[in-house]
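Here is what each chain is made of, one letter per residue.
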Amino acid sequence: MPKSDQGVNVSRYTMIPRTLIFVVDGEQVLLLKGAPSKRLWANRYNGIGGHVERGEDLYAAARRELMEEAGLEVRNLRLCGTVMVDADDHIGVGVFIFRGEYAGGEVRASSEGELTWVEEGKLDQYALVDDLRVLVPVVLRHKPTEPPFHARSYYDDQDQLVVAISGTPAS
């Protein structure tokens, strides 16, 4: 099939792909506190991740982000969910959520921010990026044998973020 048959049309809804990786060690998850100088999520906790670069597949992007932001490689890196973020009428963000098991080694900070191990039961004590209160528990409970969950994030009439998970695996 030639490139022209891909149906690319700038008037259609467009998606920016990003990765979001949660490294897990027992009941703890590794979160990145955004550097104070960051444009997005300064001083707020998020998973590790970022944009998918041209020429990368999702796993390559996730592995690159882990190395850049934490100096880590993990065991059992797997896709456990997707979130479509309706950020604008014409463009959205597709977040591909990965989970990996901590394989040891020293966790190092980067220009993106500081890394902190957080216990699931203490998440409410941290200034999290809004959707993490919904996503982290789902990711921590996701089993390797389950299919990925699917969710949509959008902003309501009061400009508050809503996260609606539609594909939660059966327990």
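Residues numbered from 1 in each chain as written. Predicted model: local features only at pLDDT ≥ 70, side-chain atom pairs only at ≥ 80, totals over all residues. Heavy atoms only, no water.

> Can you lay out the nonpolar core for me, pointing to particular residues and giving the numbers?
Counting residues in hydrophobic clusters, the biggest one holds 25 residues, and the most contacted among them are Phe 22, Leu 31 and Ile 97. In terms of residues, this core owes the most to one element, helix α2 (residues 132–141), which gives 6 residues. Leaving out residues up to four positions away in the same chain, Ile 97 has contacts with Leu 20, Phe 22, Arg 78, Leu 79, Cys 80, Gly 81, Val 83, Leu 135, Val 139 and Phe 149. Of all hydrophobic cores here, the second largest spans 15 residues; its members include Val 23, Leu 32, Leu 66 and Leu 72. (Core = buried A, V, L, I, M, F, W, Y, C linked by side-chain atoms within 4.5 Å. Buried < 20%, exposed > 50% of the residue type's maximum accessible area, 1.4 Å probe, protein only. Helix = DSSP H or I, 4+ residues; strand = E, 2+ residues; numbered from the N terminus. Contact = heavy atoms within 4.5 Å.)

> Which residues make up the packing of aromatic side chains, and what values do they have?
Applying the stated criterion to the full structure yields 3 aromatic pairs. Ring geometry for Tyr 45 against Tyr 126: centres 5.0 Å apart, planes inclined by 85°, an arrangement best described as edge-to-face. Here Tyr 45, found in strand β3 (residues 45–46), pairs with Tyr 126, found in the loop between β7 (113–119) and α2; they are 81 residues apart in sequence, far enough to count as distant. We classify Tyr 45 as buried; its relative accessible area is 11%. (Phe/Tyr/Trp six-rings, centres within 6.5 Å; stacked < 30°, edge-to-face > 60°.)

> An account of unusual backbone geometry is needed here, citing residue identities and associated values.
With phi around 60°, Asn 43 is a residue other than glycine that occupies positive phi space. Inspection of the secondary structure puts Asn 43 in the loop between β2 (28–34) and β3. Positioned with a positive phi, Asn 76 is a non-glycine residue whose angle comes to about 55°.

> Tell me about the side chain of Arg 99, and please be specific about residues and values.
Locating Arg 99 in the fold gives a position in strand β6 (residues 91–102). Judged by its relative accessible area of 10%, Arg 99 falls in the buried class. Engagement of the side chain of Arg 99 in a polar contact is seen with the side chain of Glu 101, the distance being 3.0 Å. Beyond its immediate stretch of four places on either side in the chain, Arg 99 contacts Phe 22, Val 24, Asn 76, Leu 77, Arg 78, Cys 80, Val 139, Leu 140, Arg 141 and His 142. (Polar contact = N/O pair within 3.5 Å; in protein donor to acceptor, adjacent residues only side chain to side chain.)

> Can you break down the environment of Arg 108 residue by residue, with the values?
In this fold, Arg 108 is placed in the loop between β6 and β7. Taking relative accessible area as the criterion, Arg 108 reaches 37% and is therefore assigned partly exposed. With 37 residues separating them in the primary sequence, Arg 108 and Gly 71 have C-alpha atoms 5.9 Å apart. Apart from the residues within four sequence positions on either side, Arg 108 is in contact with Met 67, Glu 68, Glu 69, Ala 70, Gly 71 and Leu 115. There is a polar contact of 2.8 Å between the side chain of Arg 108 and the backbone oxygen of Met 67.

> Got a sec to walk through a nonpolar patch on the surface? Specific residues and values, please.
A surface patch of nonpolar side chains, about 250 Å² in accessible area, is lined by Tyr 13, Met 15 and Met 84. Checked against the element boundaries, Met 15 lands in strand β1 (residues 14–25). Among the residues examined, Met 15 registers a relative accessible area of 34% and is labelled partly exposed. (Patch = residues over 30% accessible without salt bridge, like charges linked within 9 Å, V, L, I, M, F, W, Y side chains within 5 Å. Areas by Shrake-Rupley, 256 points an atom, 1.4 Å probe, with all protein chains shown as cover. Salt bridge = Lys/Arg side-chain N within 4 Å of Asp/Glu carboxyl O.)

> Any chance you could break down the pairing of β1 for me, citing the residues and the numbers?
Direction of pairing for β1 relative to β6: parallel, over a ladder of 11 bridges. Note that in β6 the partner of Phe 22 across the bridge is Arg 99. One ladder, built from 4 bridges, connects β1 with strand β4 (residues 48–51); its direction is antiparallel. Note on β4: the bridge partner recorded for Arg 18 is His 51. Pairing of β1 with β2, which is carried by 3 bridges, proceeds in the antiparallel orientation. Following the sheet pairing, Val 24 is matched in β2 by Val 29. If you look at the hairpin formed by β1 and β2, you'll find 2 residues sitting between the two strands, and Gly 26 has a positive phi there, around 65°. (Pairing = 2+ DSSP bridges.)

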